[in-house]
Amino acid sequence: MPGPAGFHALCSRDAVLSSAENFVLYLLLETTPQGGGVRLPLNLGIVLDRSGSMYDEKRLEYVSEAVKYLIDHLGPEDRAAVVAFADKAAVVATADQLLSDKARVKRAIDDIDLLEIGGGTQMALGMDAALAEVEKNYAPNRLNRLLLLTDGQT
C-alpha cells in the first residue's frame, strides 16, 4: 500500500486577477515520499505536445529538458516510452530503446522538432500511441500511467 506523500508548490505569481480573460499561471509541484516506503516500478507513456504553440516562450524546450531529467532518474526496473504529437503522433522512443540507450533517446528528444508531424494539436493521437506503448509493458505490480506534457492549446 502506498505511503503518505509530501507536497511543495511554487507558483509563478502571487495572485491571479479574476478579471483577466486569458491569464497564465505556472505551477511547479514537487512530491516527495514520506517514510521509508518502496515505490512501485514505473511504466510510463510520456506524451509530448510538439504543436506550433509549444514554440512560444520556449515551452517545448522546457518540456524537453523535464523529460530528459525524468529519463536520467528512471530506475533499472522502470519502463517508459516517449511519444510526440501535433497533427500526427510519432513514437520517439520505446521502453526497450530507453532501457538500452538513454543518451540516444535524449538526443532524439533534442531533435524532436525535426519530426514531420505537422503543427496542429491532435492530442488524442498522441495519447493513443502512448497508451499502446504502456500496454506493451503493463503489469499489475507497476505504476502504469500516461504523462501528458502540453500547453493545453488545442
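Note that the coordinates shown come from a computational prediction; the quantities given were computed from them, not determined experimentally. (Residues numbered from 1 in each chain as written. Predicted model: local features only at pLDDT ≥ 70, side-chain atom pairs only at ≥ 80, totals over all residues. Heavy atoms only, no water.)

Student: Help me understand the environment of Ser-51 in this model?
Tutor: Among the structural elements, Ser-51 can be located in the loop between β3 (42-49) and α1 (59-72). On a C-alpha basis, the gap between Ser-51 and Asn-137 in space is 28 Å, while along the polypeptide they are 86 residues apart. Dropping the residues within four chain positions of it, Ser-51 is found in contact with Phe-85, Ala-86, Gly-119, Gly-120 and Thr-121. A distance of 2.6 Å separates a polar atom in the side chain of Ser-51 from a polar atom in the side chain of Asp-49. (Helix = DSSP H or I, 4+ residues; strand = E, 2+ residues; numbered from the N terminus. Contact = heavy atoms within 4.5 Å. Polar contact = N/O pair within 3.5 Å; in protein donor to acceptor, adjacent residues only side chain to side chain.)

Student: Before we go on, may I ask you to explain the sheet that holds strand β6 (residues 143-149) in this structure?
Tutor: Sheet strands pair by backbone hydrogen bonding; their relative direction is either parallel or antiparallel. Sheet architecture is open: 4 strands sit in the order β5-β4-β3-β6, paired in mixed fashion. Two strands lie at the open edges of the sheet, namely β5 (89-93) and β6, each paired on one side alone. Strand-to-strand, the axes of this sheet are offset by a mean angle of 20°, without reference to chain direction. With respect to the sheet, helix α4 (residues 123-136) is in contact with β3, β4 (79-85), β5 and β6, its orientation differing from that of β6 by roughly 155°. (Pairing = 2+ DSSP bridges. Axes fitted to C-alpha atoms, helices over the stretch in contact; angles between N-to-C directions.)

Student: In this structure, what is going on with the side chain of Thr-121? I would like to understand it.
Tutor: Turning to its location among the elements, Thr-121 is positioned in the loop between α3 (102-110) and α4. Polar contacts involving the side chain of Thr-121 include one to the side chain of Ser-51, which spans 3.3 Å. Reaching out from Thr-121, the side chain makes a polar contact with the backbone oxygen of Gln-153 at a distance of 3.3 Å.

Student: Hey, could you run me through the pattern of salt bridges in this one?
Tutor: When the charged atoms of two side chains lie near each other, side chains of opposite charge can form a pair. Evaluated as defined, the whole model comprises 7 salt bridges. Of the charged contacts in the structure, one is a salt bridge between Asp-72 and Lys-106, with a shortest N-O distance of 2.7 Å. A residue pair is termed long-range when its members are at least 10 positions apart, and Asp-72 in helix α1 and Lys-106 in helix α3 qualify at 34 residues. Residue Asp-72 is classed as partly exposed on the basis of its relative accessible area of 43%. Each of Glu-57, Arg-59 and Asp-151 takes part in a single network of salt bridges with overlapping partners. (Salt bridge = Lys/Arg side-chain N within 4 Å of Asp/Glu carboxyl O. Buried < 20%, exposed > 50% of the residue type's maximum accessible area, 1.4 Å probe, protein only.)

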